Amino acid sequence: MNLYRRAAVGAATLAIGGLLATAAPSAAAPSPTLAAPDIPLANVKAHLTQLQSIASANGGNRAHGRPGYKASLDYVKGKLDAAGFTTRIQQFTSSGATGYNLIADWPGGDANQVLMAGAHLDSVSAGPGINDNGSGSAGILETALAVSRAQLKPDKHLRFAWWGAEELGMVGSRYYVNNLPSTDRSKISGYLNFDMIASPNPGYFVYDDDPTIEKTFKDYYAGLNVPTEIETEGDGRSDHAPFDSAGIPVGGLFSGAERSKSSAQAQKWGGTAGQAFDRCYHSSCDTSSNINDTALDRNSDAVAYAIWNLAGDGTPVPPGDSYENTADVAIPDNGAAVTSTVNVTGRTGNAPATLKVDVDIRHTWRGDVVVDLVAPDGTAYRLKNSSSNDSADDVVASYTVNASSEPANGAWKLRVQDVAAQDTGYINSWKLTF
Ligand code: DTR
Ligand code: CA
Ligand code: ZN
Ligand code: ZN
């Protein structure tokens, strides 16, 4: 299960994106009171440069089943891992080749209200797919990195996704939705899709699906005095379709593909009437030069605006006494250590001499497993050593640590390593109680 939650015991103010906000939770998107950060265009373009380089080094594309796709995924994953996201790669098979989805969870937020943003990372085999869909992939990546920079603590749990094999018919996103337990599916409060957001002859289209999501994007563009149109052709044409079919509220942005811009549209948006929004759609010329910077900048900022505002302006979540992470983390057999993080905030002073650590690790032959608590400053406290003769399964235990020399606030990690061959498992959950 992908849950991370903190016990809440009262009401308090909440730092969000560097702003202090106290507000009651709201079912719909709150009025745009939150100052979402500007997403630096240069950062987004730097990601596109990387994706272009990856395509150039791998046969000119980043298509499903080709090396350029997995190289793109590894690039995105590396950025997210370094920024403190809990990432996992979901494999599937399509047209005889292995496909990959990348799912990145931002620790925190209400696990029963998951706000998702997604973009397909694959290109067609004809070219590097920088607008289709490097633009959407880079826009949500930089927004995710902005969440990390802000150490955002929104009301809802944030999940970002990069899909494989969209160009084969939304294969990766459909695989994700179809393999999501219905209990988890019901927790997704909304899915935002970004597929082609920087077309060279851009239009500004907003999906007309969920009204709250649609209004959020329209509010953003109204603030720029940029008119928008409803995206009418896209219902079944991108990765929001499987979510929509599952009854999950969806929305998104689109800057246009093979259709031509009308004279009326050129009047309001500029650009060239009678020319396709993207003349290089699904072509080899969909390269780094096939990008309109203004559209990319505006739409990337719109992603951040939607995340900051749809994720809730922060249910007052007090400095509770316990902090839990229930995201599953696979433990490689006889391999590198893995970690699961809880972010402790809002406390004063140091941790107690009797800091309680509840651990739930599912692992056959638990003697393989070494477990440490790592304080925010990197100090490790050994909770469990390996042993060659402990053949029982699972480590479900409570430990007490004298952490009185450690400041309470910060990113505490449970570090687990399997140090013997055979038998594997995963971190199911763990909890700190002050
Ligand atoms: N199918 C998408 C491009 C696409 C075409 N129309 C829409 C409408 C809404 C989102 C995306 C699209 C692709 O080729 O990836
Ligand atoms: Ca920007
Ligand atoms: Zn496409
Ligand atoms: Zn696309």
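Structural notes, computed from the coordinates. Every chain's residues receive numbers from 1 upward, in the order its sequence appears when written. A letter from A marks each chain and a number from 1 marks each ligand, given out in the order of writing. Owing to the predicted nature of the model, reporting of local features is limited to residues with pLDDT of at least 70; listing and counting of side-chain atom pairs is limited to 80 or more, with chain, interface and lining totals taken over all residues. Computation of side-chain values covers all heavy atoms of the structure but excludes hydrogens and water.

So, on to the site of ligand 1. Around ligand 1 there are 15 residues in total, and Glu-166, Asp-195, Arg-237, Tyr-281 and His-282 lie nearest to it. Here a nitrogen atom of ligand 1 and a backbone polar atom of Arg-237 are 2.7 Å apart. Residue polarity is assigned by list, with Asp, Glu, Lys and Arg as charged and Ala, Val, Leu, Ile, Met, Phe, Trp, Tyr, Cys and Pro as nonpolar; anything else, Gly included, falls into the polar class. Along the lines of polarity and charge, the residues of the shell around ligand 1 split into 4 nonpolar, 4 polar and 7 charged. When at least one non-hydrogen atom of a residue lies within 4 Å of a molecule or strand, that residue is treated as near it. Here a polar contact means two N or O atoms within 3.5 Å. Within protein one must be a hydrogen donor candidate and the other an acceptor candidate, and residues neighboring in sequence count only if both atoms are side-chain atoms.

Okay, the sheet that holds strand E14 (residues 338-344) next. When DSSP finds two or more bridges between two strands, those strands count as paired. Comment: elements are numbered from the N terminus, with helices defined as DSSP H or I runs of at least four residues and strands as E runs of at least two. Across the sheet, which stays open at both edges, the 4 strands sit in the order E14-E19-E16-E17 with antiparallel pairing between neighbours. The sheet is open, and its two borders are formed by E14 and strand E17 (380-384), each paired with just one other strand. Averaged over all adjacent pairs, the angle separating strand axes in this sheet is 20°, with direction ignored. Note that strand E16 (residues 369-374) and strand E19 (residues 410-418) share 6 bridges and pair antiparallel. When the bridges of E19 are listed, Val-374 appears paired with Lys-413. Axis angles are defined between N-to-C directions and span 0 to 180 degrees, where every axis is a line fitted to C-alpha atoms and, for a helix, only to the segment in contact.

Two elements in contact, helix H1 (residues 41-57) and helix H9 (residues 293-310), have axes separated by 10 Å at closest approach and are oriented at 110°. The angle between H1 and H9 falls in the class roughly perpendicular. Across the interface between the two elements, Leu-41, Val-44, Lys-45 and Leu-48 from H1 touch Asp-293, Leu-296, Asp-297 and Ser-300 from H9. Counted by class, the contact of H1 with H9 contains 4 nonpolar, 1 polar and 3 charged residues. Should an angle lie under 35 degrees it is considered roughly parallel, over 145 roughly antiparallel, and from 65 to 115 roughly perpendicular; all remaining angles are considered oblique. For this analysis, residues touch if any pair of their heavy atoms sits within 4.5 Å.

A few words now on the state of the cysteines. Note on terminology: disulfide denotes any pair of cysteine sulfur atoms within 2.5 Å. For the structure on display, the rule yields 1 disulfide. The side chain of Cys-280 participates in a disulfide bridge whose partner is Cys-285; the two sulfur atoms lie 2.1 Å from each other. Taking the torsion about the sulfur-sulfur bond, which here is approximately -115°, the covalent link between Cys-280 and Cys-285 counts as left-handed. Three exposure classes are used, based on accessible area relative to the maximum for each residue type with a 1.4 Å probe and protein chains only: buried under 20%, partly exposed in between, and exposed over 50%. For Cys-280, a relative accessible area of 13% gives the class buried. Given a relative accessible area of 34%, Cys-285 falls into the partly exposed group.

Counting residues in each nonpolar core, the largest one holds 64 residues, and the members touching the most others are Phe-160, Trp-162 and Ile-307. Among the elements that line this core, the one with the most residues is H9, at 10 residues. For Trp-162, the contacting residues outside a window of four places in its chain are Tyr-69, Val-76, Leu-80, Tyr-100, Asn-101, Leu-102, Ala-104, Ala-119, Leu-121, Ser-137, Ile-140 and Leu-141. Among buried residues, the Ala, Val, Leu, Ile, Met, Phe, Trp, Tyr and Cys ones that are joined through side-chain atoms within 4.5 Å form a nonpolar core. In terms of nonpolar packing, the next biggest core, distinct from the first, is built from 29 residues, Val-329, Val-357, Val-369 and Val-401 among them.

Right, let's get into the environment of Gly-134. By secondary structure assignment, the location of Gly-134 is in helix H3 (residues 130-150). Judged by relative accessible area, which is 0%, Gly-134 ranks as buried. Residues Gly-134 and Gly-59, spaced 75 residues apart in sequence, show a C-alpha to C-alpha distance of 17 Å. Not counting the four nearest positions on each side in its chain, Gly-134 is found in contact with Leu-48, Leu-51, Arg-62 and Gly-129.

So, about the packing of helix H2 (residues 67-82) against H3. In contact at an axis separation of 10 Å, H2 and H3 are set at 15° when each is read in the N-to-C sense. When the interaxial angle is binned, H2 and H3 end up roughly parallel. Where H2 crosses over H3, the two elements pack in a sense that is left-handed. On H3, the residues that touch Tyr-75, Val-76, Lys-79 and Leu-80 of H2 are Leu-141, Ala-144 and Leu-145. Here the residues of the contact of H2 with H3 are counted per class, giving 6 nonpolar, no polar and 1 charged. In a left-handed crossing the near helix is turned counterclockwise from the far helix by less than a right angle, and in a right-handed crossing that turn is clockwise.

Take the coordination of the zinc ion (ligand 3) next. Angles at a metal have ideal values that depend on geometry: 109.5 degrees with four tetrahedral donors, 90 or 180 degrees with six octahedral donors. Sodium, potassium and calcium take a 3.2 Å donor cutoff, other metals 2.8 Å, and in both cases only N, O and S atoms count; water is not among them, so sites may look incomplete. Note on the zinc ion (ligand 3): its protein donors are Asp-132 (OD), Glu-167 (OE), Glu-167 (OE) and His-282 (NE2). The metal-donor distances range over 1.9 to 2.5 Å. Here the zinc ion (ligand 3) binds 6 donor atoms, and the angle range of 55 to 150° at the metal identifies the geometry as irregular. When the donor residues of the zinc ion (ligand 3) are listed from N- to C-terminus, their spacing reads D-x34-E-x114-H. The two metals, the zinc ion (ligand 3) and the zinc ion (ligand 4), are separated by 3.5 Å and share Asp-132 as a common coordinating residue. Here the residue Asp-132 occupies a position in helix H3, and Glu-167 occupies one in the loop between strand E7 (156-163) and helix H4 (171-178), the gap between them amounting to 35 residues. Relative accessible area serves as the criterion here: at 23%, Glu-167 is assigned to the partly exposed category. Site shape is set this way: if four donors have all angles between 85 and 135 degrees, tetrahedral; if opposite donors are over 155 degrees apart and all others between 65 and 115, square planar for four donors and octahedral for six; otherwise irregular.

To continue, consider the pattern of salt bridges. In the sections that follow, a salt bridge refers to a side-chain nitrogen of Lys or Arg positioned within 4 Å of a carboxyl oxygen of Asp or Glu. In the structure shown here, the tally under the stated rule is 16 salt bridges. One salt bridge in this structure joins Asp-105 and Arg-159, with 2.6 Å as the shortest N-O distance. Linking Asp-105 in strand E5 (residues 97-106) with Arg-159 in strand E7, this pair joins segments that are 54 residues apart in sequence. Overall, the relative accessible area of 4% leaves Asp-105 in the buried class. Assessed through its relative accessible area of 5%, Arg-159 is described here as buried. Linking Asp-358 and Lys-356 is a salt bridge whose minimum nitrogen-to-oxygen distance equals 2.9 Å. Overall, Lys-356 belongs to the partly exposed group, its relative accessible area being 36%. Linked through salt bridges whose partners overlap, the residues forming this network are Asp-372, Arg-382 and Arg-415.

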